[in-house]
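# Fold and geometry: a report
Next come the chains, spelled out residue by residue.
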Amino acid sequence: MNKQESWVTWEESGGTHRARWRSESQGVPATLLPVDDTLTANAAFKLVSEGTGLLWRGDFQNARQLLQALARRVDKPPRVQTPRGGAPSTAPTDARTAFFAHRENQARRAALLGRVLLVFEPEHSIALRRAPDVKAALTEAWGEPSGDASVASVRELQGLIGAHEWRKKGVEVPALGGRIHPWHGVFSPVRGEYIGLVAQAPLPAGAAGPGSLAFDIGTGTGVLALLLARRGVRRVIATDLDPRALACAADNAARLGVAGQVEFVAADMFPTGRAPLVVCNPPWVPTPANAAIERAVYDPDSAMLRAFLGGLAAHLAPGGEGWLIMSDLAEHLGLRTRDEMTAWIAQGGLRVVARLDTRPTHRKAADPNDPLFAARAKEVTSLWRLAQA
């Protein structure tokens, strides 16, 4: 099989077939092999472990069952070697070591399970027995049918269907008094505690009432920009580099009736000018992402955090504040120190006015079986109120 830009080819039924490769999170498998319901889970596991992509040609529901069987094999704990005369070795206790081991396992799992593939017809349908109607989900993610067949993994499809359902139903955000509708590829505001901090923090002078202005950096779904508008900021300029995020945020603004207050701008960081309030919720973990959607969580070398702190003072109006929303999980994982962060604040010509803290309420924070539970149990999410030094 060859990859030419975003295209893949394979041999089947005596002919060569060509389709567009559809994945934002994984590379093309080294080999494509058409398979069907006669393939056993053990044989499938051997093939995907060797780098082969399984182009499923059997019953659609059986493909889902095969994926589950592969997941059980991937997730099976490795056999523990017991040293002669000693106790079995244990999992790493160092938080940093545990984190990187967890990330490596996640990447391996995604790569192996992502090799169970489907062919999508040019009109965004699946020509398999018991296949669902996925045209709406695929059109939202891939755009209108282009007349070409596509290849993507079963897991990719599951993500597209999940994104479609989230976009339809939305996510309830109590602080907004409404719902946010995330689009495919735009990170959903599932960590509600940081939104609550933005709802509670006192607005600085100039960020409320007639003529008030705020910037929201890296807006994503637009949740923080819309919350500021709901709090009375008359004009909010929200930036993002991802066109999908900007379209998603504009859609949410229209749904919530604040489209006239919020302007969405394609920009790497700051818009031009200064504002009495500049808000940013950058990715919290300073390591590379394994998939495109993870870029909302993982920020290699704290690049966005440092860019925000380095440029904030030049975009604050006199007496204004910058609100930095950050978790300290990276500190508990040994990936960044508090001293590094406070040094970046000082180097940016900033001082800390105050800090609002809260504890995470998501499921993993209370799950002792989570590989990172020791660090998550200590995690605090903070809103840092920063001003020019």
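Details of the structure are given in the entry above.
Because the structure is predicted, anything quoted here is derived from the model rather than measured.

Further remarks concern helix 5 (residues 154-169). Look at helix 5: 23 Å from first C-alpha to last across 16 residues, which is about the 22 Å you get at 1.5 Å a residue. Of all the positions in helix 5, only Val-154, Glu-156, Leu-157, Leu-160, Ala-163, His-164 and Arg-167 are classed as buried. Lining the buried residues of helix 5 we find helix 2 (60-75), strand 6 (116-120), helix 4 (135-142), strand 7 (150-153) and helix 8 (243-255). Gly-170, located one to two residues past helix 5, shows a positive phi value of around 80°.

Attention now moves to the packing of aromatic side chains. On inspection of all chains with the given rule, the structure shows four aromatic pairs. Consider the rings of Phe-270 and Phe-308, whose centres lie 5.9 Å apart with planes at 15°: the pair is stacked. Pair noted here: Phe-270 is in the loop between strand 12 (262-266) and strand 13 (275-280) and Phe-308 is in helix 9 (residues 303-311), with a separation of 38 residues, a long-range link. An identical accessibility class is assigned to Phe-270 and Phe-308; each is buried. If you follow Arg-306 out to its NZ or CZ, it ends over the ring of Trp-344, 5.9 Å from the centre. Here Arg-355 stacks its cationic end above the ring of Trp-384, 5.2 Å away from the centre of that ring.

Look at Ser-13: it is not a glycine, yet its phi comes out positive at around 55°. Structurally, the position occupied by Ser-13 is in the loop between strand 2 (7-12) and strand 3 (15-21). Even without glycine at this site, Ser-302 takes up a positive phi of about 55°.

Basis of the calculations
Every residue gets a number counted from 1 within its own chain, in the order that chain's sequence is written. Residues qualify for local features only when their pLDDT is at least 70, as the model is predicted, and side-chain atom pairs are given and counted only at 80 or more; totals for whole chains, interfaces and linings, by contrast, use all residues. The side-chain numbers reported here are obtained from all heavy atoms of the structure, hydrogens and water having been left aside. The secondary structure listing takes helices from DSSP runs of H or I that are at least 4 residues long and strands from runs of E that are at least 2 residues long, numbered from the N terminus. How far a helix is expected to stretch is found by multiplying one less than its residue total by 1.5 Å. For every residue, the accessible area (1.4 Å probe, protein chains only) is compared with the maximum for its type, and the residue is labelled buried under 20%, exposed over 50%, or partly exposed between those bounds. It only takes one pair of heavy atoms within 4.5 Å for two residues to be counted as in contact. Aromatic rings from Phe, Tyr and Trp, taking only the six-membered ring of Trp, are treated as a pair when their centres fall within 6.5 Å; an angle between ring planes under 30 degrees marks them as stacked, one over 60 as edge-to-face, and anything in between as tilted. The rule for a charge over a ring is simple: NZ of Lys or CZ of Arg within 6 Å of the ring centre, and within 35 degrees of the ring normal.

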